[in-house]
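Each chain, letter by letter, is given below.
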Amino acid sequence: MRISLNWLRELVEIKLSPEELAETLTIAGFEVEDIEDRRTWANGVVVGKVLERQPHPNADKLSVCTVDIGADETLNIVCGAANVRADIYVPVATTGTYLPNIDLKIKPAKLRGVPSNGMICSLKELGLPTDIDGIHIFTQENLALGSDVRPLLGLEDVILDVATTANRADALSMVGIAREVAALTGGKLSIPAPGEVTITKGTSNLGLKISEPEACPAYIGTVIEQIKIASSPEWLKQRLLAAGVRPINNVVDITNFVLLERGQPLHAFDSDRLKSVAGGENLTVGVRFADAGETLKTLDGQTRTLSTQNLLITANNKAVALAGVMGGEETEVHEGTQSLVLEAALFDSVAIRRSSRSAGLRSEASGRYERGVNRAELETACNRALSLISELAAGVIVQQEISDHRPNPSTWSHSIALRLDRVNEVLGPIELGEETGVLEAEDVEKILTALGCELVGSGERTWTVTVPPYRYRDLEREIDLIEEIARLYGYDKFCDTLPEKSEAGYLPLDQELIRKLRAYLRAEGLTELIHYSLVKPGENQQVVLTNPLFAEYSALRTDLIAGLIDACQYNIEQGNGVLNGFEIGRIFWREEEGLEEAEMLAGIIGGDSTLGKWSRGGREQPITWFEAKGILESVFKQFSLLVEFQPENRDSRLHPGRTASLWVRGNRLGTFGQVHPQLRKEKGLPEAVYVFQLSLDVLLNALDDDELLVPKFQSYSTYPASDRDIAFFAPVKVTVSEIEKVITKAGKGLLDSVELFDEYRGEHVPEGQRSLAFRLVYRSSDRTLTENEVEPVHNKVRTALVEKFGVSLRS
């Protein structure tokens with residue numbers, strides 16, 4: 001919010017310089033993002049009077065002016081503005097003046113052969129907004145020639161750009177900032193009274209119909225007649241311009257002025273236009289939610305299609321404004337307006353937030369309603385606006401209707417128990433010169449009283465603190481009061497304390513294992529990916545959000561594979577090739593018992609993992625099922641984790657003959673498989689794309705084993721090994737892992753390793769079978785094995801295979 005120091009000085013006593021005040025506010029939690037010193041914009045610019053204007057002898061669009069600035073001699077100035085003429089008062093930049101907004105220093109010059117000693121200025125050249133294309137002409141008469149123009153243009157001011165936190169709704173007004181400055185500096189407040197409002201009985205017939213009292217707890221509608229629309233006085237224009245608001249006319253400017261001064265949004269309707277929309281002289285202003293598909297043309301000129309989340313102001317049930325957000329164009333105040341209906345209302349913050357988001361529209365009013373408007377000062381702000389309208393627009397108040405569903409005024413504030421011991425326990429010691437001390441009762445009472453709180457002693461070193469209504473929303477607990485005490489006393493005045501003893505940090509086991517897992521997967525050539533947890537709705541068991549930001553992101557994902565496949569498709573479409581990546585994230589689903597979530601590890605593999613293609617003539621070689629499976633097995637091997645692969649056909653997105661479930665210690669770990677040909681065709685993916693999804697909880701539980709976490713050293717045998725090959729025909733339905741289990745069990749004691757080195761299907765192999773060849777390595781740690789020791793064990797392996805699977809031995 002832009003804070004004019006001139007305006008602020010009218011509300012509170014300020015003895016600090018702008019820089020000191022900015023530092024004080026920043027330390028107290030109101031960051032001053034910029035200091036705009038307008039005093040430098042027109043330093044050296046004075047009031048002048050054009051005595052004579054002659055056309056330039058050598059240029060059609062230039063004028064030669066004789067200007068009196070109250071000096072001994074008049075100035076000869078060449079001017080290019082079309083609106084320059086004799087007998088007008090203008091701002092004149094004298095020789096040597098620097099204009100920072102256009103980065104120009106005025107020097108004597110010759111323009112087309114005519115000397116010029118100064119410049120007649122436009123408002124744009126002085127940094128002020130204007131709709132006039134030309135120099136600025138003062139409307140005042142008999143101005144002192146040579147006097148400083150800054151008081152006339154509001155440029156003797158300094159603007160602070162203050163950022164307020166979301167919990168401080170009261171600070172979005174000049175009065176709120178003035179209260180804060182008074183509490184910080186001890187300055188005296190001078191908040192103006194709203195003025196008396198007199199209602200003259202007229203012929204107006206206004207009624208209220210508030211269909212949604214929860215969304216609109218209070219509504220004041222005031223009918224004002226005999227309005228004279230005109231330009232606002234200079235003081236009001238300058239207040240608005242300093243706050244970054246464009247002046248429009250006296251009525252609209254007054255509503256904006258009260259918004260800035262009190263933080264209470266107001267809206268003025270043209271009464272005659274309201275009756276025209278309503279279709280009759282009897283006018284009923286209402287508040288209701290919009291019907292789906294209803295439309296309204298707002299003040300920004302856009303016709304908006306509304307939803308049931310939009311709160312409306314209606315005239316005889318016809319929409320005329322988005323409540324708390326923006327008025328309608330059809331009923332706006334214009335130059336011919338003669339009567340008004342002034343709206344002063346309270347709206348529920350949640351209702352306005354949803355309405356604003358649904359319409360895709362934010363305004364100064366909605367920003368304040370969303371944070372919470374002070375319900376205790378609604379009448380004060382309304383009366384302030386009415387008194388100004390009566391004064392500046394000659395308005396006569398003929399009727400006022402009030403609908404009030406606010407809770408009892410006794411509940412507009414609340415009391416909090418505060419303990420001095422707790423204050424010092426939380427905040428710690430304070431610096432008192434060379435010594436330290438603690439906050440005393442007098443300090444606490446002074447600070448909280450300055451904030452507008454009322455303190456009543458409720459015991460030794462304890463108080464009952466009554467919070468003012470304008471701080472009702474953010475001062476709710478004892479700790480909130482303690483925070484305010486620290487903020488106003490000064491964070492820099494508390495002692496710095498460090499822990500008595502520092503300890504070395506460490507990672508929890510789960511975090512350490514996940515870091516290792518990430519490192520192992522990256523070492524295998526996979527890139528870590530991160531996707532949104534929000535996806536499109538439509539799947540079974542999805543958790544759907546009740547208040548989504550976008551319809552495309554209105555449900556929580558139920559697995560990670562879908563996102564990885566879409567990412568791979570996008571990667572290919574962008575010309576980046578097939579994706580090799582992994583993701584660690586949460587999935588969510590709905591069960592009969594309620595909502596569930598789990599941490600998962602998923603990945604997609606399909607790109608050529610070789611570094612270059614020159615050795616294959618530039619051709620890519622798709623990765624095989626076994627190579628993709630080997631990437632996972634390599635990761636498991638680094639954890640010394642034994643994972644079993646079993647055939648499976650449960651996921652319709654995966655190839656039915658090339659999908660496996662993963663098991664570890666009897667627990668299902670996850671799924672690995674090739675993308676189904678139909679899905680691959682729909683997504684435009686190459687043939688060899690593989691995906692996996694593993695339960696991170698199951699994986700971490702399996703790794704939480706001292707034998708795996710702390711590997712034991714095993715000495716290497718210094719004796720030679722003896723290897724044997726065994727080949728046989730085995731049924732296709734028998735998996736290699738099952739065969740390896742039987743071989744390992746039968747050769748236990750001497751068998752060192754088992755490795756499949758050949759598979760063959762085709763000619764000379766019985767139907768329904770395949771030829772497998774294994775290499776078995778036998779070794780002892782304390783001797784060289786003899787033939788007589790190896791052969792009985794090897795025969796035991798052969799016999800076990802025949803008995804278990806009925807294989808036909810070939811060797």
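The shown structure was predicted, so the numbers you read here are calculated from the model rather than taken from an experiment. (Residues numbered from 1 in each chain as written. Predicted model: local features only at pLDDT ≥ 70, side-chain atom pairs only at ≥ 80, totals over all residues. Heavy atoms only, no water.)

With that out of the way, let us pick up the pairing of strand β4 (residues 63-68). In terms of residue burial, β4 counts as a mostly covered element, since five of its six residues are buried. Note: strand β3 (residues 45-55) against β4, six bridges, orientation antiparallel. Directly across from V50, in β4, lies its bridge partner V67. For β4 and strand β5 (residues 75-79), the ladder comprises five bridges, and the chain directions are antiparallel. Bridge assignment links V64 to a residue of β5, and that residue is V78. Following β4, the chain reverses through six residues before pairing antiparallel with β5; G70 in that reversal takes a positive phi of roughly 80°. (Buried < 20%, exposed > 50% of the residue type's maximum accessible area, 1.4 Å probe, protein only. Helix = DSSP H or I, 4+ residues; strand = E, 2+ residues; numbered from the N terminus. Pairing = 2+ DSSP bridges.)

Geometrically, a packed helix pair is captured by the angle between its two axes and the distance between the axes. Contact geometry for helix α14 (residues 509-523) and helix α18 (residues 696-703): axes closest at 11 Å, N-to-C directions at 105°. What the angle tells us is that α14 and α18 run roughly perpendicular. Contact with α14, carried on its side by D510, L513, I514 and L517, involves L696, L699, L700 and L703 of α18 and no other residues of that element. Taken together, the residues of the contact of α14 with α18 sort by class into seven nonpolar, no polar and one charged. (Axes fitted to C-alpha atoms, helices over the stretch in contact; angles between N-to-C directions. Parallel < 35°, antiparallel > 145°, perpendicular 65-115°, else oblique. Contact = heavy atoms within 4.5 Å. Nonpolar A, V, L, I, M, F, W, Y, C, P; charged D, E, K, R; others polar.)

On inspection of all chains with the given rule, the structure shows zero disulfides. C65 forms no disulfide, and the closest cysteine sulfur to it belongs to C79, at a distance of 5.3 Å. (Disulfide = S-S within 2.5 Å.)

Spatial strand order, β13-β16-β19-β20-β21: five strands in an open sheet with mixed pairing. Taken across any chain shown, the strands that pair with only one partner, and hence form the sheet edges, are β13 (206-210) and β21 (326-327). As defined by bridge partners, strand β19 (residues 311-315) adjoins strand β20 (residues 318-322) across four bridges and the pair is classed as antiparallel. Within β20, the position partnered with I313 by the bridge is A321. The sheet strands contacting helix α7 (residues 271-278) are β16 (283-289), β19 and β20, and the helix crosses β20 at an angle near 140°.

For the rest of this paragraph, the subject is the pattern of salt bridges. Using the criterion set out here, one finds 48 salt bridges in the structure. Across the pair R262 and E261 runs a salt bridge, and its minimum N-O distance is 3.4 Å. Note on R262: relative accessible area 13%, which makes it buried. Looking at E261, the relative accessible area reads 1%, which means it is buried. Between R761 and E759 there is a salt bridge, with the nearest N and O atoms lying 3.2 Å from each other. In this structure R761 comes out as partly exposed when scored by relative accessible area, which is 48%. Among the charged side chains, a network of salt bridges with common partners joins R168, D170, E180, R471, D474, E484 and R487. (Salt bridge = Lys/Arg side-chain N within 4 Å of Asp/Glu carboxyl O.)

Secondary-structure assignment places N76 in strand β5. Look at N76 and you get partly exposed, because its relative accessible area is 26%. For the pair N76 and T66, spaced 10 residues apart in sequence, the C-alpha to C-alpha distance is 5.0 Å. Not counting the four nearest positions on each side in its chain, N76 is found in contact with V64, C65, V114, P115, S116 and N117. A polar contact of 2.8 Å, which involves the side chain of N76, links it to the backbone oxygen of P115. (Polar contact = N/O pair within 3.5 Å; in protein donor to acceptor, adjacent residues only side chain to side chain.)

There is a patch of like negative charges on the surface, built from E19, E20, E23, E431, D492 and D496. No other element matches the three residues that helix α2 (residues 18-27) contributes to the negative patch. Assignment of secondary structure puts E19 in helix α2. (Patch = residues over 30% accessible without salt bridge, like charges linked within 9 Å, V, L, I, M, F, W, Y side chains within 5 Å. Areas by Shrake-Rupley, 256 points an atom, 1.4 Å probe, with all protein chains shown as cover. Lys, Arg positive; Asp, Glu negative; His and termini not counted. Charge placed at Lys NZ, Arg CZ, Asp CG, Glu CD.)

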